[in-house]
Amino acid sequence: MPTGAADPSSNGRAPYEGERSVGQLFAAATADLSALVHDEIALAKSEIRADVKRGVSGGVSIAVAAVIALFSVPMLSAAAAFGIHALGLSLGWSFLVVAGAYLVLAVLLGLLAYRSFKKIEPPHRAIEGAQKTADVLKNARPRPATKEEIDRALGRIP
């Protein structure tokens, strides 16, 4: 633009020295917005990464605790059976009582699981959304590809 010529976007007046045009302001705002979005994404990634590390650490701790608890079951069962035997019941009957208690517990947990599984329903909203999408796609008419799109797909145009 020649010196003294008016910028078409500035209402007919010449910009002052150091003053930016609308295009420059828009480019700067776009760059700032892009940087802001990138920074927000980086922050979200770092927060998620920290949460995942905490979750993995907690999951490993729970797994170790579960294995230790599982290994303690035979010892606790034997202790319970010997404790019942100390109360005066024969040793065979004591172990049978402990085994029966485990069977009762297993049946109760099985019934609880069965009730929970009966309450499971299919994802109605997701199915409805997928059906609506399928209906829209059935009624859509494809447009023919342009020569440029064909050339790009075939690798003729980078």
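Attention in this report is confined to the structure presented alongside it.

Definitions and limits used
- Residues numbered from 1 in each chain as written.
- Predicted model: local features only at pLDDT ≥ 70, side-chain atom pairs only at ≥ 80, totals over all residues.
- Heavy atoms only, no water.
- Axes fitted to C-alpha atoms, helices over the stretch in contact; angles between N-to-C directions.
- Helix = DSSP H or I, 4+ residues; strand = E, 2+ residues; numbered from the N terminus.
- Parallel < 35°, antiparallel > 145°, perpendicular 65-115°, else oblique.
- Left-handed = near helix turned anticlockwise from the far one by under 90°.
- Contact = heavy atoms within 4.5 Å.
- Phe/Tyr/Trp six-rings, centres within 6.5 Å; stacked < 30°, edge-to-face > 60°.
- Buried < 20%, exposed > 50% of the residue type's maximum accessible area, 1.4 Å probe, protein only.

### Overview of the packing of helix α1 (residues 22-86) against helix α2 (residues 91-118)
The description of two packed helices rests on the angle between their axes and on the distance between the axes. At a minimum axis separation of 8 Å, α1 and α2 run at an interaxial angle of 130 degrees. Taken together, the axes of α1 and α2 lie oblique to each other. Where α1 crosses over α2, the two elements pack in a sense that is right-handed. Listed contacts from α2 to Val73, Ser77, Ala78, Ala80, Ala81, Phe82, Ile84 and His85 of α1 are Leu91, Ser94, Phe95, Val97, Val98 and Tyr102.

### What about the packing of aromatic side chains?
Summed over the entire model, instances satisfying the criterion amount to 1 aromatic pair. Both rings, one in Phe82 and one in Phe95, keep their centres 5.7 Å apart while their planes meet at 85 degrees; by these two values the pair is edge-to-face. On the criterion of sequence distance, the pair formed by Phe82 in helix α1 and Phe95 in helix α2 is long-range, its members being 13 residues apart. Note on Phe82: relative accessible area 44%, which makes it partly exposed. Relative accessible area serves as the criterion here: at 37%, Phe95 is assigned to the partly exposed category.

### A word on the side chain of Ser77
Checked against the element boundaries, Ser77 lands in helix α1. Apart from residues lying up to four places away in sequence, Ser77 is in contact with Val98 and Tyr102.

Worth remembering: the numbers are spatial, not functional.
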